[in-house]
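# Summary of structural features
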Amino acid sequence: MAIAGRAALRWGARLPSPGPAAARLCRPAWLPAACGRPYSSRGKEEIDMSTYPVESIRNFSIIAHVDHGKSTLADRLLEITGTISKTDRNKQVLDKLQVERERGITVKAQSASLFYSHEGINYLLNLIDTPGHVDFSYEVSRSLSACQGVILVVDANEGIQAQTVANFYLAFEAQLSIIPVINKIDLKNADPERVEKQIEKLFDIPTDECIRISAKQGTNVEKVLQKVIEKIPPPQCNTADPLKALVFDSTFDHYRGVIANIALFGGEIAKGQKIVSAHTKKRYEVNEVGILTPNEQPTHKLYAGQVGYLIAGMKEVTEAQIGDTLFLYKQPVEPLPGFKSAKPMVFAGMYPIDQTEYNNLKSALERLTLNDSSVTVHRDSSLALGAGWRLGFLGLLHMEVFNQRLEQEYNMSVILTAPTVPYKAVLSSAKLIKEYGKDQITIINPAQFPDKLSVSEYLEPTVLGTIVTPHEYIGKIITLCQDHRAVQKDLLYIDENRVMLKYLFPLNEIVVDFYDALKSLSSGYASFDYEDAGYQSADLIKMDILLNGNPVEELATIIHKDKAYAAGKLLCERLKETIPRQLFEIAIQAAIGKKIIARETLKPYRKNVVAKCYGGDITRRMKLLRRQAEGKRLMRKIGNVEVPRDAFIRVLKRETDK
């Protein structure tokens, strides 16, 4: 039979397709017998999601400070549940972006559905791995909206850090169940008892609730899964209710359009159904639904309480609004509350290096902002740099990562200007109030800064910063904070070695170099986190840069009056290094209104006009030198200084040196 079959294949004849019994016999030896997942003859597993009722579903996130082992724990959970095969190469499986693997940080929240059998019951566990850096806290808050509980991971060596505190309160405010996990107990200097006491003192969680694990070696990780099933409640929803799906994330695929990550808060969804977006009121037909394992796995249906993805022919990036509610056509529901929109903390101008690339960059920006809805985009233009945009980011790392993703994923090189923060001005001029239609305006571009005569007060953004540090560095850190115009709000000893400081900072003071200075002073041991604290009155001024008396709009900055002289002097020195010399003298000045506060002089190229005078009358030499000086004076009057594009890039991209 086997020989006949091979001969038939050699001559191109078709063999009859195997029946169901044959398909069962053909199951490869390497395929695990997964919980309730029958193997199909097409070589793909088909998962019947109806076998997982709401009571056997657990939706949870992993939250922690940077580098405390979230992604490693996620890898072990995927291995234990048979979602991925166990190999030494499983590192950062859920970190799919190139930038995440290069930097070793999580930037984008990723989800995965795990199947786990406990005490004879098959459970569906929906895991969402979240970022740990303060700049990506918006990703964390979005992920928590689709969960009923969290695993709070703390490093057994480092202990509680600033972002641990911030993430705990995000979960606490969302009224989620919290499972404390102490990771890295295999390290030589690990001290889990000390960390347990810190957790009890700060978060009021009893020490006996903490689970000690080593995610790298897999020690006690199974206990975490069992605790998730015992402590985290199932979602409060019903399949009999009308469809109500929350879009908590989305990505763009060049061939299939928008892929929306959804959490079902009621009803069920299947291929072929007509759905409506509560935000855009547009109607779509569902092309595909499925779960992430962690790759896309199509299923027949998704039911209430489950987390998965949906493809419904959304072609425009604006159609998949994060926080939108989807419902069935002619079965409208009350939209879910969605999310508070992210508040940009840092603004920067973005321009294409070549203006012919403008449309390509526009398309790349639209697609990338779909993946990262916390970035705000405003059209902008500059005389020196051409047409571009002013983008709002949640922080400096967020800005760097966004720029890196543009280069890696869309092959776009851009000019990114120096970061600024959004200021406000309370207007007193009736003319300006009528022009803007309001008495308070937000300034994201120094060119829009109104004159002091037409403003009653300026306001600058502030943040409440949390610093966790070993106590021996406390003196240096207090001095650093005072140098950055910070006001101390609280000081608390977490234990005999660690201190938590709370300061009110002007955002402009921490946006560029504060974090680096803090790490340098504390030998890398201090951690920093901040949250928005509103606006406060400040003595702000606009500093202009003049070249031979003409202002250069792109180099104007908004700055606090006390810091103006040092910043002006530094900028003038930098420009002197970068602007090419001319045949006439160039005066580089920093000015506040009509008052010059700093100046550098760029000397001209000079021809030796007296080279041909070998001795003779001195009046001949003086006449030649006078004529040269007059020519240079005339040239200076009519000559314009054009700052080359690369000089702009060098001046704007360098960070302030303190």
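Just above, that's the structure.
This is a predicted model, so every value here is computed, not measured. (Residues numbered from 1 in each chain as written. Predicted model: local features only at pLDDT ≥ 70, side-chain atom pairs only at ≥ 80, totals over all residues. Heavy atoms only, no water.)

## Side note on the overall build of the protein chain
Counting its secondary structure elements, the protein chain contains 17 helices and 31 strands. With 658 residues in all, the protein chain has 52% of them scored as buried. By element, 50% of the accessible surface of the protein chain is carried by carbon and sulfur atoms, the whole surface being about 32200 Å². (Helix = DSSP H or I, 4+ residues; strand = E, 2+ residues; numbered from the N terminus. Buried < 20%, exposed > 50% of the residue type's maximum accessible area, 1.4 Å probe, protein only. Areas by Shrake-Rupley, 256 points an atom, 1.4 Å probe, with all protein chains shown as cover.)

## Details of the packing of helix H3 (residues 70-80) against helix H8 (residues 221-231)
Put simply, H3 and H8 touch, their axes get as near as 10 Å, and they point 80° apart. Compared by their axis directions, H3 and H8 come out roughly perpendicular. Every residue of H8 that contacts H3 at Leu 73, Arg 76, Leu 77 and Ile 80 is listed here: Val 221, Glu 222 and Leu 225. Each residue belonging to the contact of H3 with H8 can be placed in one class, and the counts come to 5 nonpolar, no polar and 2 charged. (Axes fitted to C-alpha atoms, helices over the stretch in contact; angles between N-to-C directions. Parallel < 35°, antiparallel > 145°, perpendicular 65-115°, else oblique. Contact = heavy atoms within 4.5 Å. Nonpolar A, V, L, I, M, F, W, Y, C, P; charged D, E, K, R; others polar.)

## Some thoughts on the side chain of His 484
Relative to the elements of secondary structure, His 484 occurs in the loop between helix H12 (474-483) and strand E24 (487-493). What makes His 484 buried here is its relative accessible area of 5%. Those residues within four positions of His 484 in sequence are excluded, and the remaining contacts are Phe 505, Pro 506, Glu 509, Asp 513 and Phe 514.

## Brief notes about the sheet that holds strand E8 (residues 257-264)
Strand order in the open sheet formed by 8 strands is E11-E10-E16-E7-E8-E15-E12-E13, with antiparallel pairing between adjacent strands. Sheet topology places strand E11 (283-285) and strand E13 (296-299) at the edges, where each strand pairs with a single neighbour. This sheet shows a mean twist of 40° between the axes of neighbouring strands, independent of strand direction. Sheet analysis places strand E7 (residues 245-253) next to E8, joined by 8 bridges and oriented antiparallel. (Pairing = 2+ DSSP bridges.)

## Quick look at the packing of aromatic side chains
Tallied over the full model, the rule gives 12 aromatic pairs. The interplanar angle of 80° and the centroid separation of 5.2 Å between the aromatic rings of Phe 168 and Tyr 169 together place this pair among those described as edge-to-face. Residue classification places Phe 168 among the buried residues on the basis of a relative accessible area of 5%. Note on Phe 528 and Tyr 530: the rings are 5.9 Å apart at their centroids and 45° apart in plane angle, and the pair reads as tilted. (Phe/Tyr/Trp six-rings, centres within 6.5 Å; stacked < 30°, edge-to-face > 60°.)

## Observations regarding the nonpolar core
By size, the foremost hydrophobic cluster in this structure holds 36 residues, and its most contacted members are Ile 467, Phe 505 and Phe 514. Among the elements of the structure, strand E21 (423-427), strand E22 (440-443), strand E23 (455-470), H12, strand E25 (498-506), helix H13 (507-510), helix H14 (514-521) and strand E26 (527-538) are those that each provide at least two residues to this core. In contact with Phe 514, not counting residues within four places along its chain, are Ile 467, Leu 480, Cys 481, His 484, Phe 505, Glu 509 and Phe 528. Membership of the second largest hydrophobic core comes to 28 residues, among which are Phe 115, Leu 124, Ala 245 and Ile 262. (Core = buried A, V, L, I, M, F, W, Y, C linked by side-chain atoms within 4.5 Å.)

Geometry only, nothing functional implied.
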